[in-house]
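Chain and residue survey
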Amino acid sequence: MILSPECPADEELEDEKFLSLYQEATDLYGLIHSRYILTPRGLALMRERMFQGRFGQCPRVFCQAQNTVPIGLSDDLKVSRVKIFCPKCGDVYVPKKKCADVDGAYFGSAFPHILLYTYPDLSPEPPKLGFEAKIYGFKLHKKAETKQLSLPEEKPAPGKENEELQVKEVPEKGKKSKGKKGKKGGPLASNN
């Protein structure tokens, strides 16, 4: 049924029992496939297909078109569709090719890791290039990046939208503040 070179007839495609049986046979074949590709012969075939680029390339720019391998996010049927795994960056992506409608269980969640463990020469170096923030060619300082991310947006309290912001004077280092005395006798606005 699955390996038959002939397509099912139109009458068979209208039969609910046939469609159910056909789907179960396809799932059984897919689960057998997920076990076969973990055998030495299956791993060797999948290695060749990876070298040929049959599963696509990583969409990440810094991976420089690294060939990918298929991965399932679950070993259970009908949980998720097949994804592609990039051995260079270690990320999982949605494939753009024709295999996007294949169940992920047909490959399994352990396949790429077993392939890379069996063939260590397939494990590329992680990308050395990374994105660096620049403004007009000048690199941003690390403190500027963290300040930008950590500053919360200040919103005026309800009913005080039109009041001016009160500016507090911060004394310079070495000068004493003329503020009120605290419990221990030091100025409250001290920066020391």
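A quick note: this is a predicted structure, and the numbers were derived from the prediction, not measured.

Parameters at a glance
Residues numbered from 1 in each chain as written. Predicted model: local features only at pLDDT ≥ 70, side-chain atom pairs only at ≥ 80, totals over all residues. Heavy atoms only, no water. Salt bridge = Lys/Arg side-chain N within 4 Å of Asp/Glu carboxyl O. Helix = DSSP H or I, 4+ residues; strand = E, 2+ residues; numbered from the N terminus. Buried < 20%, exposed > 50% of the residue type's maximum accessible area, 1.4 Å probe, protein only. Core = buried A, V, L, I, M, F, W, Y, C linked by side-chain atoms within 4.5 Å. Contact = heavy atoms within 4.5 Å. Pairing = 2+ DSSP bridges. Axes fitted to C-alpha atoms, helices over the stretch in contact; angles between N-to-C directions. Polar contact = N/O pair within 3.5 Å; in protein donor to acceptor, adjacent residues only side chain to side chain.

Let us now look at the pattern of salt bridges. Charged atoms that come close allow side chains of opposite charge to pair. The tally for this structure, following the rule as stated, stands at two salt bridges. Across the pair K78 and D27 runs a salt bridge, and its minimum N-O distance is 3.0 Å. Taken together, the positions of K78 in the loop between β1 (69-71) and β2 (83-85) and D27 in helix α2 (residues 16-36) put the pair 51 residues apart, joining distant regions of the chain. We classify K78 as exposed; its relative accessible area is 62%. Residue D27 is classed as buried on the basis of its relative accessible area, which comes to 6%.

This part takes up the nonpolar core. M46, V69, F107, F111, L115 and L122 are the most contacted members of the largest nonpolar core, which totals 16 residues. What L115 contacts, discounting residues up to four positions off in sequence, is L43, R47, M50, V69 and L122. Ranked by size, the runner-up nonpolar core spans five residues in total, among them C58, I84, C86 and Y93.

Another aspect to go through is the side chain of S80. By the element assignment, S80 lies in the loop between β1 and β2. Setting aside residues no more than four positions away along its own chain, S80 makes contact with L73, S74, D103 and G104.

Spatially, the three strands line up as an open sheet ordered β1-β2-β3, and their pairing is antiparallel. Each edge of the sheet is formed by a strand with only one pairing partner; in this case those strands are β1 and β3 (92-93). Lying on the sheet, helix α4 (residues 111-118) is in contact with β1 and β2; it crosses β1 at an angle near 140°.

Inspection of the secondary structure puts P40 in helix α3 (residues 40-52). For P40, a relative accessible area of 66% translates into the label exposed.

Okay, unusual backbone geometry next. The backbone of Q64 sits at a positive phi, close to 55°, despite the residue not being glycine. Taking the relative accessible area as the measure of exposure, Q64 reaches 54% and is therefore exposed. Positive phi, normally seen in glycine, also occurs at A65, with a value near 60°. Within the secondary structure, A65 sits in the loop between α3 and β1.

To continue, consider the side chain of N67. Mapped onto the secondary structure, N67 falls in the loop between α3 and β1. Looking at N67, the relative accessible area reads 17%, which means it is buried. Reaching out from N67, the side chain makes a polar contact with the backbone oxygen of M50 at a distance of 2.9 Å. When neighbours within four sequence positions are excluded, N67 is seen to be in contact with M50, F51, G53, G56, Q57 and P87.

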